[in-house]
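For reference, the chains in residue letters:
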Amino acid sequence: RRHRAASPLTFRRFLSHPATKMSSDESKKITKTAGALAAAGAAAMSAYALYRYYAATKKSGDQGGDVVTYANGKTPEDFKGTPFADAALLEKIRVEAIDWAMCNGLVMRSANASNTFVHAPCTLLPAPLPPSAFKGAREVSALFSKMTDKIARHPSYLETVLGEVGKNDEFTGKLLEILKKDRALGEKKQNATLGLFRSDYMLQQAEGPDSKYPAPIFLQVENNTIAASFGCLSAQVARLHKYVASRFADGGGVVDKTYKDKTLPENNADELLAEAMAVAVGAYTRMETKKGTLDDKTVTWVAMLVQEGEANAADQRLLEFTLLKRHGFRMMRVTLRQVAEACQQQDMSGKPLIIDGRHVALVYFRAGYTPRDYTSDIDWKGYECIELSRAIKCPCISYHLAGTKKVQQKLCEPGEVEKWLDAKEAATLRQYFADQYALAEPLDADSQMAVQDAIDHPEKYVLKPQREGGGNNLWMEEMKEALQLKTMTIQERSAYILMRRIMQ
């Protein structure tokens, strides 16, 4: 599922001050950080993987334990006559890769024991990518961020696009309610916001010189604007690949000149994500000090919003440790319920966010993106307290909603991207869009044709709800029955979007 729906990682960040003046030095620093992060994030695409060749993955073999598996149903026979068929060498690399991962934090919490960690699934070698496709995706990442930022500055657009969805999807409806309260803050509103985005792509294979895709190109699966994970682990995967390349390149057989250390792109996403947070905390401190609401004796904190029993804690902790080591800012871990309890049911409109006596400058969401995080109204109260407070949000509610599937689908329609970017930028960005269709009644002609085609050829499409976190999409027969309204009503179907699958 991850291979189909999550694919490689790109990280970007913008610190926006729509109503706040900055010095030229501050503006240059923010722009420099954003550009550097976009470049490093693009490098992560080859590092984190397409699972094209091998994975050092936790699986139970005949004797249990870790085994090397070939991805996409391949077997050693498929690589006969190539260095990849050298099973003995692969086994040697596997052992060292797992040791490297365990020693360098490339780990995840075990599903069987909360105090036990296992190495994270990863490829032993980076997946080769067409240079033109890699270069294009790297260059376009800043445009996706720019468009997302501009959309978020126009909440009325979000309310219009998501209004019908909000009527039929309770989760989206509650998010829109928070957006409405945020808009009502007026001068109390915190206008600075931090965006750490991850744009997920899959590589569309060439379909012929006269086709829509004459050459391989990355098409966007989705734009993650909240809780974009794996920034730190993907950086560690890149370093693992560099280790394997430098360790086994000379005379190693399987690691030939293609994988020599110097040919692999850098990926310092972990360092740059921490730097972006430090810029945000610095901006908050300067703004609040100038207003007189913060003195030089107050220590400001970053609060990471987390889920209980988080399996991906290592990815989060590595960012926490990097932020402290490189910038001296401390981070606390809190849940939505803990935030609500700290606010004691008070109206947080324009007030500082204080949790356990600590002044929070930045709230970094690694939770709150799925209905599973909201077990009662107190969890929603926690989100509302954060959004209405003076703390900088990563993301703010507008960024959160700008990353929904419906907004992504809306941007595929003629003239929508052009509202936010100039003609040249829009044309460039549209090359990376997969075909997507609205399902709200009445269906237009294109949507009608797509629905019928998906019923006739379900292997070509996927049905996607307004959800993040994976595991929510409908495929094949399940999708077909939903489109035929056998398993959902017209109103329920309107909260979904239909997307043509990216053919690899």
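Residues numbered from 1 in each chain as written. Predicted model: local features only at pLDDT ≥ 70, side-chain atom pairs only at ≥ 80, totals over all residues. Heavy atoms only, no water.

Things to note about the overall build of the protein
Formally: Numbering of helices and strands runs from the N terminus; a helix is a DSSP stretch of H or I covering at least four residues, while a strand is a stretch of E covering at least two. The buried label applies to any residue whose accessible area, calculated with a 1.4 Å probe on protein chains only, is under 20% of its type's maximum; exposed applies above 50%, and partly exposed to all values in between. Contacts are assigned to residue pairs with any non-hydrogen atoms lying within 4.5 Å of each other.
Helix and strand content of the protein: 17 helices and 16 strands. Within the span of the protein, comprising 504 residues, buried residues form 56% of the whole. By sequence separation, contacts in the protein at least 24 residues apart represent 76% of the contacts at least 6 residues apart.

Topic: the nonpolar core
General note: in soluble globular proteins, nonpolar side chains tend to be found buried as a group. Quick reminder of the rule: In these notes, a set of buried Ala, Val, Leu, Ile, Met, Phe, Trp, Tyr and Cys residues joined through side-chain atoms within 4.5 Å is what counts as a nonpolar core.
Core analysis: the largest hydrophobic core is formed by 69 residues, its most contacted members being M147, I151, L353, L411 and L429. With eight residues, the single largest contributor to this core is helix α4 (residues 131-152). Excluding residues that lie within four positions of it along the chain, M147 makes contacts with L411, V417, W420, L421, L429 and F433. Grouped together as the second largest cluster of nonpolar side chains are 25 residues, L196, L273, Y364 and C394 included.

Things to note about the confidence of the model for the protein
Keep this limit in mind: Across the chain, each position has a pLDDT score giving the predictor's confidence in that residue, from 0 to 100.
Across the protein, the average pLDDT comes to 83, with 81% of residues at or above 70. This stretch, residues 1-65, has a pLDDT under 50; its non-local contacts, to residues over four places away or in other chains, come to 213 contacts.

What about the pattern of salt bridges?
Keep this limit in mind: Definition used for salt bridges: Asp or Glu carboxyl oxygen within 4 Å of a side-chain nitrogen of Lys or Arg.
Within the structure shown, the criterion is met by 26 salt bridges. E91 serves as the salt-bridge partner of R94, at 2.6 Å between the closest nitrogen and oxygen. Of the two residues, R94 and E91 both sit in helix α3 (residues 87-103), three residues apart, roughly one turn of that helix. On the accessibility criterion, R94 (11% relative accessible area) is buried.

Let's talk about the packing of aromatic side chains
The test is simple: Stacked, tilted and edge-to-face pairs are distinguished by plane angle, under 30 degrees for stacked and over 60 for edge-to-face with tilted covering the rest, among Phe, Tyr and Trp rings (Trp via its six-membered ring) whose centres lie within 6.5 Å. Counting as a charge over the ring demands two things of the Lys NZ or Arg CZ atom: a distance within 6 Å of the ring centre and an angle within 35 degrees of the ring normal.
By the definition in use, this model includes nine aromatic pairs. Note on F144 and Y201: the rings are 6.3 Å apart at their centroids and 65 degrees apart in plane angle, and the pair reads as edge-to-face. With F144 in helix α4 and Y201 in strand β7 (residues 193-204), this residue pair connects regions lying 57 residues apart in the sequence. Aromatic side chains F197 and Y399 sit 5.0 Å apart centroid to centroid with 80 degrees between the ring planes, which places their arrangement in the edge-to-face category. Linking F197 in strand β7 with Y399 in helix α12 (residues 397-402), this pair joins segments that are 202 residues apart in sequence. Here F197 matches Y399 in class, with each residue buried. Members of the aromatic cluster, connected to one another through ring pairs, are F144, Y201, F218 and F433. We note R358 situated over the ring of W301; from NZ or CZ to the ring centre the distance is 4.3 Å.

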